[in-house]
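Listed below are the residues making up each chain.
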Amino acid sequence: MAKVLKRGDQEQLVSSINFEVKAFGEPEDRTLRFIGSDETPDRDGDIISLNGWDLSNYEKNPVFLWAHDYSIPPVGKANRVYSESGKLMFDIEFPEKGIYPLADLVYNLYKGGFLNATSVGFIGREAIAREDEAVKDLPEWRRGVKFTAQELLELSAVPVPSNPSALQQ
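Computed from a predicted model, the values in this text were never measured in an experiment. (Residues numbered from 1 in each chain as written. Predicted model: local features only at pLDDT ≥ 70, side-chain atom pairs only at ≥ 80, totals over all residues. Heavy atoms only, no water.)

Checked against the element boundaries, Gln150 lands in strand E10 (residues 145-158). Take Gln150: its relative accessible area is 2%, and that puts it in the buried class. Among the polar contacts made by the side chain of Gln150, one reaches the main-chain carbonyl oxygen of Ser49 at a distance of 2.9 Å. Every residue in contact with Gln150, bar those within four places of it in the chain, is listed here: Ile48, Ser49, Gly52, Trp53, Asp54, Phe122, Ile123, Gly124 and Arg125. (Helix = DSSP H or I, 4+ residues; strand = E, 2+ residues; numbered from the N terminus. Buried < 20%, exposed > 50% of the residue type's maximum accessible area, 1.4 Å probe, protein only. Polar contact = N/O pair within 3.5 Å; in protein donor to acceptor, adjacent residues only side chain to side chain. Contact = heavy atoms within 4.5 Å.)

Shown next, in the form of structure tokens:
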């Protein structure tokens, strides 16, 4: 559409075009990699056996939550879950920027190095008391257990992990 604008004795032809920018360049890859679990004793003295994970139900609903909070929408989803070098690894995709403010906040905190940890939510199916060398001198109630079979429910972004090795890579 063109129109003529008058300023004093001068006329100027002005045209305008209506348009909308849908995308510019490549979309940002909002996928981060995490160690979700390994066989490091956690802060309660428990060990989760890597070979004991049942992922079948989790793979149907691969949620990444904020602090194990089941009452709010997930902040991401696992695109890939796999074991590597004795660790249960997760590739977590965050929603496109602007869709979910909490997801943007969590993603940016990880990217900035202000948040580094994760934590697995699981149901223990089988466990044995720990009696290994590392705990033999502790009272029985402080020795923890070794989970040998467990079902993964979710992975969460957390400020402080139970497993000190469950960190962003």
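In this section: the pattern of salt bridges. Taken as a whole and assessed by the stated rule, the structure comprises five salt bridges. Ionic pairing is found between Arg30 and Asp104, a salt bridge with its closest N-O pair at 2.7 Å. In this pair, Arg30 sits in the loop between strand E2 (10-15) and strand E3 (31-38) while Asp104 sits in helix H2 (residues 101-111), placing the two residues 74 residues apart along the sequence. The two residues Arg30 and Asp104 agree in class, both being buried. Two residues, Arg130 and Asp132, come together in a salt bridge whose shortest N-O distance is 2.9 Å. Of the residues examined, Arg130 reaches a relative accessible area of 5% and is grouped as buried. With a relative accessible area of 31%, Asp132 lands in the partly exposed category. (Salt bridge = Lys/Arg side-chain N within 4 Å of Asp/Glu carboxyl O.)

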